[in-house]
Amino acid sequence: MDFIVSFTFYAENSENDGARFQDFLLAMEATIRDHPLWASASEEEIDCAVEGLEKYVMTKLFSRTFGSSPEDARIDREISEKVLLLQNFLRPEHLDIPAVFNNEASWLNDLFPPQLAEKELLKINAFRAPREKLVCILNCCRVINNLLLNASISEDRANPPKLHSNLKFIQLYRRQAKLVSEAAYYFTNLVSVKTFIIDLDAKSLSIGEAEFQESMQAARLARKRTGIELSHASDEIAASAFPPIRMPNDVKLADSLLTMDEMAALGGLTDAKPSTSGSNYPYMEVEPGELTVRDVEKLLTLYKDVVKKYTNLCEAVKRSSLSPSKKLRDVCDVECVEAVSTYEASRLRRYLIYMAIS
Amino acid sequence: MARAAGNRNIQAKLVLLGDMGTGKTSLVLRFVKGQFYDYQESTIGAAFFTQVLSLNEATIKFDIWDTAGQERYHSLAPMYYRGAAAAVVVYDITSKESFQRAKKWVLEIQRQGNPNVIMVLVANKADLDTKRDVGNEEGEQYAKENGLLFFETSAKTAQNVNELFYEIAKRVAKAVPLRPGGMKLHRRSQERGRRLFCCSGSSPFGSDDCNINSW
């Protein structure tokens, strides 16, 4: 088709591409209506023809039009990473979700398998046509609406990869006449969830700034320990994102030593890198004369870090009055408790998606 | 019947705004389903309903966008009221605070919403007259000064609920110009709707789709 070929003549720009495609669809629809071959066609048949055209063209143009700019890829990654972190500590009350939704034992769970909603949403990347992507959103929201005012939304994983790119793609390339009413409503909900996540800060969850930063840091650490690269976040990864629960007996002494720094960080630090490098303590070798006023802020931050680490470590050690190795094991015990509660908290990721789409 | 010529189908987006607990969802449920629950759950995010009202002059299909009243979701509101043909701002007559919040919503819509939007101020929970904290005249006066429709309603007793939506439907029908019957939804008719109802501001979706159209 000439139209598809003509696309390659223009520089890549999603807004222009979108506008050109919308014009093309409208022009084609008008042509179809005026064409003698379609003179006796019903409204429905014409609609089908245009739908088919949208699907055909967009499938051909997919690699150019979907999430193709580095900017889009960056936003996708940022959202995905933020959601993965939030999943570690977000609770329903942070979003004003009433306790009743927390009732796992609800009989409704049997009626509507709750994983259904997430499955629908995750399908979104399997489709290349705007209409089909939008249908995924609709199905997901419909399932949740069926669950609405009742049970829990259950199992995790509702961290659709490439959320931003998918929404942008639908917005630009779905026939404008079709992005109305119920479809527009559900679409808006997901756009608003995206915005909410991007802008999400301590205030959005009605918690203190310090608590928010600490929770995010702890989540980062919990994820780091699983050895998973955040930047390659995907649904599979989200599924396996639970920190492994290590039993104290299995932990060797050397491991324990390494994890103590991380343990302290779980108590809430800024940036916990392995302490072996000088990067965490850049002032160790510095003479007083070399310091400038600008260093004061950094020094203060470092000082606070050190105090926090020290306090956390003392607390952990205090719990044990036995041998040094036992002390270290206790540190690991604390770590295990953390890991377990992180696991518990991660089930709450569902509420994030629930918040906006129900 | 000679009504055919004037019998048009109009689709109109209606958005509900107001503080949490003022009864937005209860009003919709009363209107759409004729139901009322004493302990209606808080709306999380938002919820969607449709209802068709048949008038002599036209059939109005309402797309009703219910929103969450919590402050934390406030910044998302423009996405929801964008392109609305009607905005219903609800307060609770037993809460002065909710009335103040309603005034803020009115201001926001006046500043940022579609200039042709049909705006209604609704004083809900009229059944709780003994606990009243906002006088009827107070609401009515404010509505008059700001060119809003005003209704005092009770989702619980159904007082004025249908009247409220019928009045909005009439206004919507009046706002959409008559055109020859039987005309199909086409590019041109859409554009006509656009000129009538769409806000000119930038939209989060890149296009100003209009939510009042013939169908």
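The structure presented is a predicted model; accordingly, all values stated were derived computationally and were not measured.

Draft legend 1. The overall build of chain A, seen in detail. Tallying secondary structure elements over chain A gives 16 helices and zero strands in all. Taking all 358 residues of chain A together, 48% fall into the buried category. Expressed as a percentage of contacts within chain A between residues at least 6 apart in sequence, the contacts between residues at least 24 apart total 79%. Taken as a whole, chain A presents about 18,000 Å² of accessible surface, with 57% of it coming from carbon and sulfur.

Draft legend 2. Representation of the overall build of chain B in the model. Looking only at helices and strands, chain B has six helices and seven strands in total. When the helices and strands of chain B are listed from N to C terminus, the series reads β-α-β-β-α-β-α-β-α-β-α-α-β. Buried residues in chain B amount to 54% of all 215 residues. The contacts of chain B with a sequence gap of at least 6 include a subset with a gap of at least 24, amounting to 72%.

Draft legend 3. Structural detail: the packing of aromatic side chains. Under the definition given, this model contains 21 aromatic pairs over all chains. Arranged with centres 5.1 Å apart and planes meeting at 70°, the rings of Phe-3 of chain A and Phe-7 of chain A form a pair that is edge-to-face. Highlighted residues: Phe-3 of chain A and Phe-7 of chain A, both in helix α1 (residues 2-7), separated by four residues, approximately one helical turn. We note that Phe-3 of chain A, like Phe-7 of chain A, is buried. An angle of 50° between the planes, with centres 6.4 Å apart, marks the rings of Tyr-186 of chain A and Phe-48 of chain B as tilted. Of this pair, Tyr-186 of chain A sits in helix α10 (residues 181-199) while Phe-48 of chain B sits in strand β2 (residues 46-54), placing the two residues on different chains. The two residues Tyr-186 of chain A and Phe-48 of chain B agree in class, both being buried. Here a set of aromatic residues connected by ring pairs shows up, and it is made of Phe-3, Phe-7, Phe-21, Phe-24, Phe-62, Phe-66, Phe-169 and Tyr-173 of chain A. Sitting above the plane of the Tyr-10 of chain A ring, Arg-20 of chain A keeps its charged end 3.6 Å from the centroid.

Draft legend 4. Fine view of the confidence of the model for chain B. Residues and elements named next belong to chain B. Residues at a pLDDT of 70 or more form 76% of chain B, whose mean pLDDT is 81. The least confident element of chain B, judged by mean pLDDT, is helix α6 (residues 187-197) at 40; the most confident is strand β6 (residues 149-152) at 98. A low-confidence stretch, residues 1-5 (pLDDT under 50), is modelled with two contacts involving residues beyond four sequence positions or located in other chains. As a predicted assembly, this complex carries a pTM of 0.64 together with an ipTM value of 0.74.

Draft legend 5. View of the pattern of salt bridges. Per the counting criterion, the structure on display carries 21 salt bridges over all chains. Asp-17 of chain A serves as the salt-bridge partner of Arg-20 of chain A, at 3.5 Å between the closest nitrogen and oxygen. Pair noted here: Arg-20 of chain A and Asp-17 of chain A are both in helix α2 (residues 14-34), with a separation of three residues, about one helical turn. Close ionic contact of Asp-129 of chain B with Arg-132 of chain B constitutes a salt bridge, the shortest N to O distance being 2.7 Å.

Draft legend 6. Just the pairing of strand β1 (residues 8-18) of chain B, in detail. All names here are of chain B. Summarising burial for β1: ten of the eleven residues are buried, a large majority. Two strands pair when backbone bridges link them, and β1 and strand β4 (residues 86-92) are joined in this way by five bridges, in the parallel orientation. Looking at β4, one finds that Leu-14 is bridged to Ala-86.

Draft legend 7. Local environment of the packing of helix α3 (residues 96-112) of chain B against helix α4 (residues 136-145) of chain B. Residue and element names in this part refer to chain B. In contact at an axis separation of 12 Å, α3 and α4 are set at 5° when each is read in the N-to-C sense. Accordingly, the angle class assigned to the pair α3 and α4 is roughly parallel. For the pair α3 and α4, the contacting residues are Lys-96, Phe-99, Lys-103 and Val-106 in the first and Glu-138, Gly-139 and Tyr-142 in the second. Here the contact of α3 with α4 is composed, by residue class, of three nonpolar, one polar and three charged.

Cut-offs and rules
Residues numbered from 1 in each chain as written. Chains lettered and ligands numbered in written order. Predicted model: local features only at pLDDT ≥ 70, side-chain atom pairs only at ≥ 80, totals over all residues. Heavy atoms only, no water. Helix = DSSP H or I, 4+ residues; strand = E, 2+ residues; numbered from the N terminus. Buried < 20%, exposed > 50% of the residue type's maximum accessible area, 1.4 Å probe, protein only. Contact = heavy atoms within 4.5 Å. Areas by Shrake-Rupley, 256 points an atom, 1.4 Å probe, with all protein chains shown as cover. Phe/Tyr/Trp six-rings, centres within 6.5 Å; stacked < 30°, edge-to-face > 60°. Lys NZ or Arg CZ within 6 Å of the ring centre and 35° of its normal. pLDDT = per-residue confidence, 0-100. Salt bridge = Lys/Arg side-chain N within 4 Å of Asp/Glu carboxyl O. Pairing = 2+ DSSP bridges. Axes fitted to C-alpha atoms, helices over the stretch in contact; angles between N-to-C directions. Parallel < 35°, antiparallel > 145°, perpendicular 65-115°, else oblique. Nonpolar A, V, L, I, M, F, W, Y, C, P; charged D, E, K, R; others polar.

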